[in-house]
Structures are given as C-alpha cells and as structure tokens.
Amino acid sequence: MTDLTKRTIPDNLAITGGLRDMRLKKKMVTIDTYEQRVLVAVLNRFRTELIEEDKATDDIDSLLLKVIDAPNKSIRRREIVSRYSM
C-alpha cells in the first residue's frame, strides 16, 4: 500500500483544488536548535529511504532545505521566562 496510486484521497481534499490550497497555507513552528537537528536527521533518513525505493524526493528536499535554512530568532529573556512560567 505504499504506492501513491493505491492511496485514496479524502473527500475534503479532492482534486478540485483542495490539495493545491492546502499546500499554499503556511505554518510557523518554533523549535530550538536540538529539535532542528533532530528534524533534519529524520527528514534526511526518510529521504534516503525514498531514494533506495526509487521514489520522488522533491517534496522532502524542499522541506529539508526550509528546515536547514530557517532563520534564527533571538528571543528576549522576558519571553523565555513567560514561556516557562505557566
């Protein structure tokens, strides 16, 4: 069942533009440097598996580059304290 042609697409994501619209929505995730390294390692491992199975890696490549090139945002001390003082 790993072949893309055998997967079914949910009705709410039909070819009528749902998938295309879903790709246009952007999300921002805040992660620390350790989490970024783990994410890069996992994506790279998944990419390697796709290459071994002779599958396309275009989407994973672009996501991997986005994670690697993500800008660093320095946060102020006040934001750190408020984040952990729940």
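The structure under discussion appears in the preceding block.
Residues numbered from 1 in each chain as written. Predicted model: local features only at pLDDT ≥ 70, side-chain atom pairs only at ≥ 80, totals over all residues. Heavy atoms only, no water.

Colleague: So, the overall build of the protein chain: which residues are in play, and what are the values?
Modeller: A tally of helices and strands in the protein chain yields four helices and zero strands. When the helices and strands of the protein chain are listed from N to C terminus, the series reads α-α-α-α. Scored against the burial criterion, the 86 residues of the protein chain give a buried share of 10%. Element-wise, carbon and sulfur atoms account for 56% of the exposed surface of the protein chain, whose accessible area totals about 8,400 Å². (Helix = DSSP H or I, 4+ residues; strand = E, 2+ residues; numbered from the N terminus. Buried < 20%, exposed > 50% of the residue type's maximum accessible area, 1.4 Å probe, protein only. Areas by Shrake-Rupley, 256 points an atom, 1.4 Å probe, with all protein chains shown as cover.)

Colleague: I'd love a proper account of a nonpolar patch on the surface, names of residues and values included.
Modeller: Together, Val 29, Ile 31 and Leu 39 give the surface a local cluster of nonpolar side chains, amounting to about 250 Å² of exposed area. With respect to the helices and strands, the residue Ile 31 is situated in the loop between helix H1 (18-24) and helix H2 (33-52). (Patch = residues over 30% accessible without salt bridge, like charges linked within 9 Å, V, L, I, M, F, W, Y side chains within 5 Å. Salt bridge = Lys/Arg side-chain N within 4 Å of Asp/Glu carboxyl O.)

Colleague: I'd like a description of helix H3 (residues 58-68), backed by residues and values.
Modeller: For H3, the full list of buried residues reads Ile 60, Leu 64 and Val 67. One side of H3 carries all its buried residues, which in axial view fall inside an arc of 65°. Projecting away from the buried face of H3 at angles above 90 degrees are the exposed residues Asp 58, Asp 59, Leu 65 and Lys 66. (Arc of directions from axis to C-beta.)

Colleague: An account of unusual backbone geometry is needed here, citing residue identities and associated values.
Modeller: At Asp 54, a position not held by glycine, the phi torsion is positive, near 55°. Looking at where Asp 54 falls in the secondary structure, it is placed in the loop between H2 and H3.

Colleague: I'd love a proper account of the side chain of Gln 36, names of residues and values included.
Modeller: For Gln 36, the position within the fold is in helix H2. For Gln 36, a relative accessible area of 17% translates into the label buried. From its side chain, Gln 36 meets the backbone oxygen of Val 67 in a polar contact 2.6 Å long. Excluding residues that lie within four positions of it along the chain, Gln 36 makes contacts with Ile 31, Val 67, Ile 68 and Ala 70. (Polar contact = N/O pair within 3.5 Å; in protein donor to acceptor, adjacent residues only side chain to side chain. Contact = heavy atoms within 4.5 Å.)

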